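# Coordinate inspection notes
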Amino acid sequence: MGDIAADPSHPRYASLLMRHRLEEAAKRGMLAGSAMIAHGRGEAFDYLLGERTTDSARTAAAQALACLVEATHPVLSVNGNVAALAGDEILRLASALGCPVEINIFYRTPERMEALLGFMNERKAALGLDVVVLGDAPNATIPGLKGPRAACHQEGILDSDVILVPLEDGDRCQALVAMGKTVIVIDLNPLSRSAQGATITIVDELSRALNTMLEMVEGGANASDPAYNNNAVLEAGLQAMLQGLNQSA
Ligand code: PTJ
């Protein structure tokens, strides 16, 4: 994608870089019309969080990674925002786990699917990674969801036992949980329906969360914790934001 004008020493460089990636992705036709609104909401929560990875987010990331490593059929689901903001990190994580990536979008159109498949396959080739990118020929549907957004691959999302669905919408998260899957969400908003309904919620910015998982996978993942408590993680995420607010008051 094109260059960003800001210097890496700029205090808001990371944020400007993410916005730039979204602008470039929009030009390529990869994004939903509401992608920028979703991103803006995420940015607001990240501000409150102090744009940092909290201890509770790290705990959730470690549990997420452990479940993905222990899974029989792990899958990483990718939508427009995820491809734009952290397509490379997703491909690296899929490569480390030896699992497929499936492009699965809420606002599904053939044009967007083509743009996203083209982008992810381009990045895969640039990184020289051997990762299966699904989404081109859906042959199944997610039960409980109506319309094109339910379309998925049997050998991908349908048969998965553990699924990472970053920046997911509430209905789909609920439908995947109802199928008995371990559903891992990355969402800066601890109050969203997805965050509340997922099995594991990483309350962190997408690229930070994925980079945390990549660092952990390099060091060797720990076993999953049977006592992991997602409600405690959500509460800790919310408290971190409220503390930030109190400090700046
Ligand atoms: O590509 P599509 O068609 O699948 O559509 C993707 C979007 C994201 C537009 C769609 O899924 C959507 O509308 O999502 P929502 O319901 O707005 O939820 C997105 C959630 O992600 C919100 O709770 C945001 O706070 C959060 N979020 C946004 N950007 C980030 C984020 N969380 C972590 N990192 C981010 N960069």
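A brief report on the enclosed structure follows. (Residues numbered from 1 in each chain as written. Predicted model: local features only at pLDDT ≥ 70, side-chain atom pairs only at ≥ 80, totals over all residues. Heavy atoms only, no water.)

## Examining the overall build of the chain
Broken down by element type, the chain carries 10 helices and eight strands. Over its C-alpha trace the chain gives a radius of gyration of 17 Å, about what one expects of a compact globule, namely 18 Å for 249 residues. Dimensions of the chain along its principal axes, counting C-alpha atoms only, are 55 × 45 × 35 Å. Within the span of the chain, comprising 249 residues, buried residues form 51% of the whole. Pairs at least 24 residues apart make up 64% of the contacts formed inside the chain by residues separated by at least 6 positions. Summing over all exposed atoms, the chain offers an accessible surface of approximately 11400 Å²; the carbon and sulfur share of this is 52%. The positive charge centre, built from 19 side chains, and the negative charge centre, built from 30, are 5 Å apart in the chain. (Helix = DSSP H or I, 4+ residues; strand = E, 2+ residues; numbered from the N terminus. Rg over C-alpha atoms; globule rule 2.2 N^0.38 Å. Buried < 20%, exposed > 50% of the residue type's maximum accessible area, 1.4 Å probe, protein only. Contact = heavy atoms within 4.5 Å. Areas by Shrake-Rupley, 256 points an atom, 1.4 Å probe, with all protein chains shown as cover. Lys, Arg positive; Asp, Glu negative; His and termini not counted. Charge placed at Lys NZ, Arg CZ, Asp CG, Glu CD.)

## Focus on the nonpolar core
Leu76, Ile90, Leu93, Val101, Ile103, Met120 and Ile202 are the most contacted members of the largest nonpolar core, which has 53 residues in total. Per-element tally for this core: the top contributor is helix H4 (residues 80–97), with 10 residues. Leave out the neighbours within four places in its chain, and Leu93 touches Leu65, Leu76, Leu164, Leu210, Met213 and Leu214. Counting 15 residues, the second largest nonpolar core, distinct from the first, contains Ala150, Ile157, Val165 and Val185. (Core = buried A, V, L, I, M, F, W, Y, C linked by side-chain atoms within 4.5 Å.)

## Regarding the site of the ligand
With respect to spatial proximity, 22 residues lie near the ligand, and among them Gly80, Phe106, Tyr107, Arg112 and Asp187 are the closest. One nitrogen or oxygen atom from the side chain of Arg112 is found 2.6 Å from an oxygen atom belonging to the ligand. Cavity membership is defined here by more than half of the atoms lying within 2 Å of grid points; on that basis the ligand lies in the largest pocket. At the level of elements, helix H2 (35–49) and H4 are the ones that each hand at least two residues to the shell around the ligand. For the shell around the ligand, the leading source of residues is H2, giving five residues. Taken together, the residues that form the shell around the ligand break down as 10 nonpolar, seven polar and five charged. (Near = heavy atom within 4 Å. Polar contact = N/O pair within 3.5 Å; in protein donor to acceptor, adjacent residues only side chain to side chain. 1 Å grid on protein atoms, 1.4 Å probe; cavity = no way out; pocket = protein on both sides within 12 Å on 5 of 7 lines; lining within 4 Å. Sits in = over half its atoms within 2 Å of the grid points. Nonpolar A, V, L, I, M, F, W, Y, C, P; charged D, E, K, R; others polar.)

## Side note on helix H7 (residues 170–178)
Three or more residues of H7 are buried, namely Gly170, Arg172, Cys173, Ala175 and Leu176. Check the buried side of H7 and you find it contacts helix H6 (154–158), strand S6 (162–164), strand S7 (182–186) and helix H8 (193–197). N-capping of H7 is provided by Asp169, with a side-chain oxygen placed 3.1 Å from the backbone N of Asp171. Following H7 by one or two positions, Gly180 has its phi on the positive side, about 90 degrees.

## Description of the sheet that holds S7
Here six strands make up an open sheet; going across it, the order is S3-S2-S1-S6-S7-S8 and the pairing parallel. Because the sheet does not close on itself, it has two edges, and the strands there are strand S3 (133–134) and strand S8 (200–202). For strand S2 (residues 101–103) and S3, the ladder comprises two bridges, and the chain directions are parallel. By the bridge assignment for S3, Glu102 is matched with Leu134. (Pairing = 2+ DSSP bridges.)

## Quick look at the pattern of salt bridges
Taken as a whole, this structure holds 12 salt bridges when the rule is applied. Put simply, Arg149 and Asp169 hold a salt bridge, and the shortest N to O gap is 4.0 Å. With Arg149 in the loop between strand S4 (140–141) and strand S5 (151–152) and Asp169 in the loop between S6 and H7, this residue pair connects regions lying 20 residues apart in the sequence. Taking the relative accessible area as the measure of exposure, Arg149 reaches 17% and is therefore buried. A relative accessible area of 18% means that Asp169 is categorised as buried. Measuring nitrogen to oxygen at the nearest pair gives 3.5 Å for the salt bridge that ties Arg149 to Asp171. Of this pair, Arg149 sits in the loop between S4 and S5 while Asp171 sits in helix H7, and the two are 22 residues apart along the sequence. For Asp171, a relative accessible area of 27% puts it in the partly exposed group. A single salt-bridge network, built from bridges that share partners, covers Arg149, Glu168, Asp169, Asp171, Arg172 and Arg193. (Salt bridge = Lys/Arg side-chain N within 4 Å of Asp/Glu carboxyl O.)

## Observations regarding the packing of aromatic side chains
What characterises a pair of aromatic rings is the spacing of the ring centres plus the angle enclosed by the ring planes. Under the criterion given, the structure shown has one aromatic pair. Taking the centre distance of 4.7 Å and the plane angle of 75 degrees together, the rings of Phe106 and Tyr107 count as edge-to-face. (Phe/Tyr/Trp six-rings, centres within 6.5 Å; stacked < 30°, edge-to-face > 60°.)

## Quick word on unusual backbone geometry
Its identity as a non-glycine residue notwithstanding, Glu51 has a phi of 50 degrees, on the positive side. Assignment of secondary structure puts Glu51 in the loop between H2 and helix H3 (55–70). Taking relative accessible area as the criterion, Glu51 reaches 34% and is therefore assigned partly exposed. One non-glycine residue, Leu167, lies in positive phi territory at about 50 degrees. Structurally, the position occupied by Leu167 is in the loop between S6 and H7.

Such coordinate-based values are descriptive only and should not be taken to indicate function.
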